[in-house]
Amino acid sequence: MFLGAISVLLKLNSNLHVGLILMQPMPKDYKFVEIEQKWQSKWEEMKIYHYNWNDQTREPFSIDTPPPYPSGELHMGNVLNWTYFDIVARFKRMQGYNVLFPQGWDCHGLGIEIQVEKANNIRKRDIPSDQFRNMCMALVEKYIAMMKEGILKLGSSIDWTTEYRTMDPNYWRCTQLSFIQLYQNGYMYQGTHPVNWCPRDETAIADAEVDHVKKEGTLHYIKFPIAGSNEHLLIATSRPEFIPACVAIKVNPKDDRYSKYIGRKIVVPLTNREVTVIADEAVDMNFGTGAVQICTYGDKDDVKTVIKHKLPVIRLINENGKITDTECKYAGLYLNQTRTAIVADLTEAGLLEKTEKIQQEVGVCDRCKTNVEILERKQWFMKTMDLSEVVEKNANEIPWYPDYMKNRLIDWAKSLDWDWVISRQRLFATPIPVWYCKGCGEIIVAKPEWVPIDPKIEGPRIDACPKCGGKDFSGEQDVMDTWMDSSITCAVHAGWPDRPDWKRLFPASIHPSGTDIIRTWAYYLMVRHLALFNERPFNSVLINGMVLGADGRKMSKSLKNYAAAPEALAKNGADAVRQWAASGGATGSDIPYRIQDVEYGKRFLNKLWNASGFASKLLEDYTPQSAANVELQLLDKWIISKTENLTKKVTDSFEKCQFNTAVEDIRNFTWHVFCDYYLEAIKDRLYRPEVHGKESRLAAQYTLYEVLYRLLQLFAPVAPHVTEEIYQYMYLDSKSYTSIQVSEWPKFNPDIVSKEVEDQGDLIIAVLGEIRNDKAQKKIPLNAPIKNVTVYTGNVEIAKIIQKGAADITSTLKIENFTVLPDKFTQGRQVPSTEVYIQTEC
RNA sequence: GGACCGUUAGUCUAGUUGGCUAGGACGUCGCCUUCACACGGCGAAGAUCACCGGUUCAAAUCCGGUACGGUCCACCA
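Now for a look at the structure at hand. (Residues numbered from 1 in each chain as written. Chains lettered and ligands numbered in written order. Predicted model: local features only at pLDDT ≥ 70, side-chain atom pairs only at ≥ 80, totals over all residues. Heavy atoms only, no water.)

## Considering the overall build of chain A
Part 1 of the reasoning: Across its full length, chain A holds 25 helices and 29 strands.
Part 2 of the reasoning: Projected onto its principal axes, the C-alpha coordinates of chain A cover approximately 115 × 65 × 45 Å.
Part 3 of the reasoning: Here chain A holds 842 residues, and the buried ones make up 57% of them.
Part 4 of the reasoning: In chain A, the share of contacts with a sequence separation of at least 24, taken over all contacts with a separation of at least 6, comes to 78%. (Helix = DSSP H or I, 4+ residues; strand = E, 2+ residues; numbered from the N terminus. Buried < 20%, exposed > 50% of the residue type's maximum accessible area, 1.4 Å probe, protein only. Contact = heavy atoms within 4.5 Å.)

## Looking at the protein's contact with RNA strand B
Part 1 of the reasoning: Among the 53 residues in the neighbourhood of RNA strand B, the closest are listed as Arg 519, Arg 594, Arg 603, Gln 658 and Trp 671.
Part 2 of the reasoning: In the interface set of RNA strand B, defined as its atoms within 4 Å of the protein, sugar plus phosphate atoms amount to 68%.
Part 3 of the reasoning: Within the side chain of Gln 658, a nitrogen or oxygen atom sits 2.4 Å from a base nitrogen of RNA strand B.
Part 4 of the reasoning: Only β8 (232–237), β12 (291–295), β13 (352–365), α10 (406–415), α16 (595–618), α18 (659–687) and α23 (755–777) provide two or more residues apiece to the surface near RNA strand B. (Near = heavy atom within 4 Å. Polar contact = N/O pair within 3.5 Å; in protein donor to acceptor, adjacent residues only side chain to side chain.)

## A look at the nonpolar core
Part 1 of the reasoning: Core analysis: the biggest nonpolar cluster contains 140 residues, and Met 76, Trp 580, Phe 674, Ile 771, Ile 809 and Phe 818 have the highest contact counts within it.
Part 2 of the reasoning: With 13 residues, α18 is the largest single contributor of residues to this core.
Part 3 of the reasoning: Leaving out residues up to four positions away in the same chain, Met 76 has contacts with Val 547, Met 555, Ala 563, Ala 564, Ala 565, Ala 568, Val 577, Trp 580 and Tyr 593.
Part 4 of the reasoning: Counting residues in each nonpolar core, the second largest holds 113 residues, with Phe 224, Val 306, Trp 400 and Trp 521 among its members. (Core = buried A, V, L, I, M, F, W, Y, C linked by side-chain atoms within 4.5 Å.)

## Structural notes on the pattern of salt bridges
Part 1 of the reasoning: The final tally for this structure, using the stated rule, is 53 salt bridges.
Part 2 of the reasoning: Measuring nitrogen to oxygen at the nearest pair gives 3.9 Å for the salt bridge that ties Asp 478 to Arg 377. In this pair, Asp 478 is assigned in the loop between β20 (473–475) and β21 (479–480) and Arg 377 in strand β14 (residues 373–382), connecting sequence segments 101 residues apart.
Part 3 of the reasoning: Lys 406 serves as the salt-bridge partner of Asp 403, at 3.4 Å between the closest nitrogen and oxygen.
Part 4 of the reasoning: Each of Glu 113, Glu 117, Arg 200, Asp 201 and Arg 426 takes part in salt bridges that share partners, so that together they form one network. (Salt bridge = Lys/Arg side-chain N within 4 Å of Asp/Glu carboxyl O.)

## Description of unusual backbone geometry
Part 1 of the reasoning: The linkage connecting Trp 496 with the following residue, Pro 497, adopts the cis geometry, with an omega of 5°.
Part 2 of the reasoning: With respect to the helices and strands, the residue Pro 497 is situated in the loop between α12 (489–494) and β22 (511–514).
Part 3 of the reasoning: In this structure, the amide linkage connecting Phe 506 to the following residue, Pro 507, adopts the cis form with an omega of -5°.
Part 4 of the reasoning: Here Pro 507 is to be found in the loop between α12 and β22.

## Let's talk about helix α2 (residues 32–46)
Part 1 of the reasoning: The terminal C-alpha atoms of α2 lie 20 Å apart, and with 15 residues this matches the ideal 21 Å at 1.5 Å per residue to within 8%.
Part 2 of the reasoning: Within α2 the residues assigned to the buried category are Phe 32, Ile 35, Glu 36, Trp 39, Gln 40, Lys 42, Trp 43 and Met 46.
Part 3 of the reasoning: Once α2 finishes, Lys 47 follows within two positions and takes phi at roughly 55°, a positive value. (Expected span 1.5 Å × (residues − 1).)

## So, the sheet that holds strand β10 (residues 265–267)
Picture the strands of a sheet paired through backbone hydrogen bonds; they go either parallel or antiparallel.
Part 1 of the reasoning: Strand order in the open sheet made by the four strands is β10-β11-β9-β12, with mixed pairing throughout. If you trace the sheet from one side to the other, it starts and ends with β10 and β12, each paired once. In this sheet, adjacent strand axes meet at a mean angle of 35° when their direction is disregarded.
Part 2 of the reasoning: Pairing of strand β9 (residues 246–251) with strand β11 (residues 274–279) involves four bridges; the strand directions are parallel. Within the sheet, the bridge partner assigned to Ala 248 lies in β11 and is Thr 276.
Part 3 of the reasoning: Running at roughly 85° to β12, helix α7 (residues 300–309) makes contact with β9, β11 and β12 of the sheet. (Pairing = 2+ DSSP bridges. Axes fitted to C-alpha atoms, helices over the stretch in contact; angles between N-to-C directions.)

## Brief notes about the packing of aromatic side chains
Part 1 of the reasoning: On inspection of all chains with the given rule, the structure shows 35 aromatic pairs.
Part 2 of the reasoning: Within the aromatic cluster, the residues linked to one another by ring pairs are Tyr 622, Tyr 705, Tyr 709, Tyr 727 and Tyr 731.
Part 3 of the reasoning: Over the ring of Trp 160 we find Lys 148, and its NZ or CZ is 4.5 Å from the ring centre.
Part 4 of the reasoning: Across the ring face of Phe 748, the terminal group of Lys 648 is positioned such that the distance to the ring centre comes to 5.7 Å. (Phe/Tyr/Trp six-rings, centres within 6.5 Å; stacked < 30°, edge-to-face > 60°. Lys NZ or Arg CZ within 6 Å of the ring centre and 35° of its normal.)

## A few points about helix α17 (residues 634–655)
Part 1 of the reasoning: When the terminal C-alpha atoms of α17 are compared, their 32 Å separation across 22 residues agrees well with the 32 Å that a helix rising 1.5 Å per residue should span.
Part 2 of the reasoning: Most of α17 is tucked away: 16 of the 22 residues are buried.
Part 3 of the reasoning: Just downstream of α17, Cys 657 is the residue with a positive phi angle, here 60°.

## Some remarks on the sheet that holds β22
Part 1 of the reasoning: Strands sit in the order β15-β23-β22 across an open sheet of three strands; the sheet is parallel. Of all the strands in the sheet, the pair left with one neighbour each is β15 (400–401) and β22.

## Observations regarding the packing of α17 against α18
Part 1 of the reasoning: Between α17 and α18, whose axes approach to 10 Å, the crossing angle comes to 170°. In terms of axis orientation, α17 runs roughly antiparallel to α18.
Part 2 of the reasoning: Partitioned by chemical class, the residues of the contact of α17 with α18 number 16 nonpolar, three polar and five charged. (Parallel < 35°, antiparallel > 145°, perpendicular 65-115°, else oblique. Nonpolar A, V, L, I, M, F, W, Y, C, P; charged D, E, K, R; others polar.)

## Let's talk about the pairing of β11
Part 1 of the reasoning: Judged from the three bridges that link them, β10 and β11 form a sheet pairing that is antiparallel. Among the inter-strand pairings, Val 267 is bridged to a residue of β11, identified as Glu 274.
Part 2 of the reasoning: The antiparallel hairpin formed by β10 and β11 contains six residues in its connecting segment, where Leu 270 sits at a positive phi of about 65°.

## Focus on the pairing of strand β23 (residues 541–544)
Part 1 of the reasoning: Side chains of β23 alternate between two faces, with Val 541 and Ile 543 and Leu 542 and Asn 544 buried alike.
Part 2 of the reasoning: Here β15 runs beside β23; their pairing, made up of two bridges, is parallel. The residue bridging Tyr 401 from the neighbouring strand is Leu 542, located in β23.
Part 3 of the reasoning: After leaving β22, the chain enters helix α13 (residues 518–533) and then returns to the sheet as β23, a path that is right-handed. (Right-handed = clockwise from strand over helix to strand, strands pointing away.)

## Comments concerning the state of the cysteines
In a disulfide, the sulfur atoms of two cysteines are held together by a covalent bond.
Part 1 of the reasoning: For the structure on display, the rule yields zero disulfides.
Part 2 of the reasoning: Looking at Cys 136, it has no disulfide partner, and the nearest cysteine sulfur is the one in Cys 107, 11 Å off. (Disulfide = S-S within 2.5 Å.)

## Re the environment of Glu 567
Part 1 of the reasoning: Looking at the element boundaries, Glu 567 is found in helix α14 (residues 565–572).
Part 2 of the reasoning: The exposure class of Glu 567 is exposed, given its relative accessible area of 56%.
Part 3 of the reasoning: Put simply, Glu 567 and Glu 45 are 522 residues apart on the chain and 26 Å apart in space, counted from C-alpha to C-alpha.

## Observations regarding the side chain of Ser 743
Part 1 of the reasoning: By the secondary structure assignment, Ser 743 is in the loop between α22 (732–735) and α23.
Part 2 of the reasoning: Leave out the neighbours within four places in its chain, and Ser 743 touches Met 94, Tyr 709, Gln 713 and Tyr 737.

## Re the environment of Thr 482
Part 1 of the reasoning: If you trace the backbone, Thr 482 turns up in helix α11 (residues 482–486).
Part 2 of the reasoning: The buried category is assigned to Thr 482, whose relative accessible area is 14%.
Part 3 of the reasoning: As for Thr 482 and Gly 263, which are separated by 219 residues in sequence, their C-alpha atoms are 46 Å apart.
Part 4 of the reasoning: Among residues more than four places away in sequence, those in contact with Thr 482 are Asp 106, His 108 and Gly 109.

## Describing the side chain of Thr 83
Part 1 of the reasoning: By secondary structure assignment, the location of Thr 83 is in helix α3 (residues 76–94).
Part 2 of the reasoning: Judged by its relative accessible area of 0%, Thr 83 falls in the buried class.
Part 3 of the reasoning: The contacts of Thr 83, once residues within four sequence positions are left out, are Leu 154, Arg 578 and Ala 581.

## Describing the packing of α16 against helix α21 (residues 720–730)
Part 1 of the reasoning: Relative orientation of the contacting elements α16 and α21 amounts to 5°, with a least axis distance of 11 Å. On the basis of the axis angle, α16 is roughly parallel to α21. The residues of α21 that touch α16, namely those facing Leu 605, Leu 608, Trp 609, Ser 612, Ala 615 and Ser 616, are Val 722, Glu 725, Ile 726, Tyr 729 and Met 730.
Part 2 of the reasoning: Class assignment of the residues belonging to the contact of α16 with α21 gives a composition of eight nonpolar, two polar and one charged.

Following this line, the structure appears as structure tokens:
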């Protein structure tokens, strides 16, 4: 009823489609710019992409759309990603699911803050924090507008009524609520542990935010005097600046050079301190000198050693990477200045034996590329290490497309050394809803009904500290990691915490992710939802690879292989670009952006448009029939059977997210089977009913009409605009759906598949092809008549089959006398892989 | 160092339970301006499916190994 009403409205509103004649003539050229734009706004008006929250009958299908980080214009990677899951959304919608395809924006974080700092040449502390936040929000809005435009131009079938921003108060509420629940469940704790620290951004960062880059370093060989003797130990270190924080020397107990020194005291150069030589089998005897200084903290290995051997900690640097130890002569210097000073001092003292260059990998902040240090400071953590087993279990229980990508998540979960540090010393983020009692230090976590709340601005809504009765509180200054926002999307998309029925949409049906964010987004989603709800967040994972430049290297502006997505879309149209995205390579593999692929997509659209236009002309006088009313000929049955098999193949491919094979199959069939053979073969039947009979003509029209409809449907998820436009011209009146996008996905019908018919049709096509070859070789134009063709089939059965296609063969090739003989005669042209021979005479 | 992925014509790529005469695209060459489409049609050339070994009646496909490339992770103080 509802659909019918829309259909009527649409017809009233659109002069183009109103008329008494069934089939409207289609324009000669396909003008993708205006047609794509037209449908993008019409679909929006028709609300066909809205999720129906009240529908209790259709099964829901929910897509965990990634809320992208607004970083500027849409890029080709986004195009690939959004094409993938838009195909899934459209396919599932046509299959009858109530599809939830939401869209949010992941706003917070260092990326935006750093851009604001750089653009205005300021640091976060230089201006009031609310002013800084406002600048961040303005920049985010600008970027959202740019990306949204790109996503719209791509033709994504998003339900925009679901749009959200993680910086909105309501989303803050969700994030803070999830924090509170996790605290209550024992998953959130405060602690003083060494964490990765970015001195430039002055914040803790998680392992996942540390990039490793190859750099050339210098290995310094330094003499560490042995206390009470004239001897010394030679230590090799790439970080001499950490000597003031040296707390031990470790050697391998199996190392004959040093085992005698274990337990001895060593004088730390340039300080008056003595440290002990300790034994640790992890020391590589072949690297450097085999004696290692342990400093707090030069690297992660130092952290491990300190914990293992219960060594003391010297806090050498402060939050911005300056030497903090006031006892130390280098106090106030930055680390790199300290290094220069220390190397000079060591040289002067005669303690620097030599230096050599080494290749090393250094951890850098993934946002600003500053070298990461390790710092101990009070932080909030989520207990994630304990969940690694259950993460693995759940990852194994669901399908991944492609399957092998699950290893990336499992390997990452198993490899983690530390819990997830979720506090950040930044501004543009969701506040941690916590206060501290100034009297006794008691932690006051917000009650669920208080959020959203910013403890920097507002106090806790209690009269007194429940522990000591104190009335003074200080609000938590730290904020949350951005991943705390985006790692609850599955629940938020489903309607948590407000909709009582949110579990209807949870877990999400499919979680799309890129190879680059499996260890962050997919992982954090897993641990957070498992900890919050004891349930996995999604029931399948779709992984996209990275988009490379045309040269196969990583796409980047500096390599001059960068392609701008808005430009690509404007120049080629969404349907062409979407074909590239879908067919550029197997799902999950990295695919280069090749303009030839886009252009091929464009040419295919043109072919499809022309074929449809031609068909609509041939169907001008056709009234849609039911199958029972037509007497199908061999080639009609042949292509119908093949189309049915194609339907099965394409449906299977879409189910398994194998977009590339689906697209290849549809295009090849449309172009080379439907257009090149079938359309050519039926022309004469359609043009000359007086020769072939009215029944034959009607059968051809019926087949043409239904097969083309099927092809349009199969292609609709990939190229929604062109298929919609053709549908509106040719099928709106008879098929009754307001849009091909809400038409019912065809179900494979084995009853109309016939291997026998396909084999027979293939034989006719093969004979046809062979006579064509003959003409080509004799350099006769294809439409020139041939006088005599004699076919020797070798047996009666084959002769009968070819006789069935005789009319198609003679009319297609303009044969005047066509004779089929059952005799065995092996001269002339052999039809490949048959015993059929052909003799022609012009 | 570990894990994963890949290696198919000049280039890019398909080939998911082994049956291929290895499919498609771009490019190249030849013919055809044939009444949907020259953004087209017909045709041709071009691949020992990286290498070595194994399983099998049968291997691009399965197993083991080697080489090269890519990605991720862990590292070397």
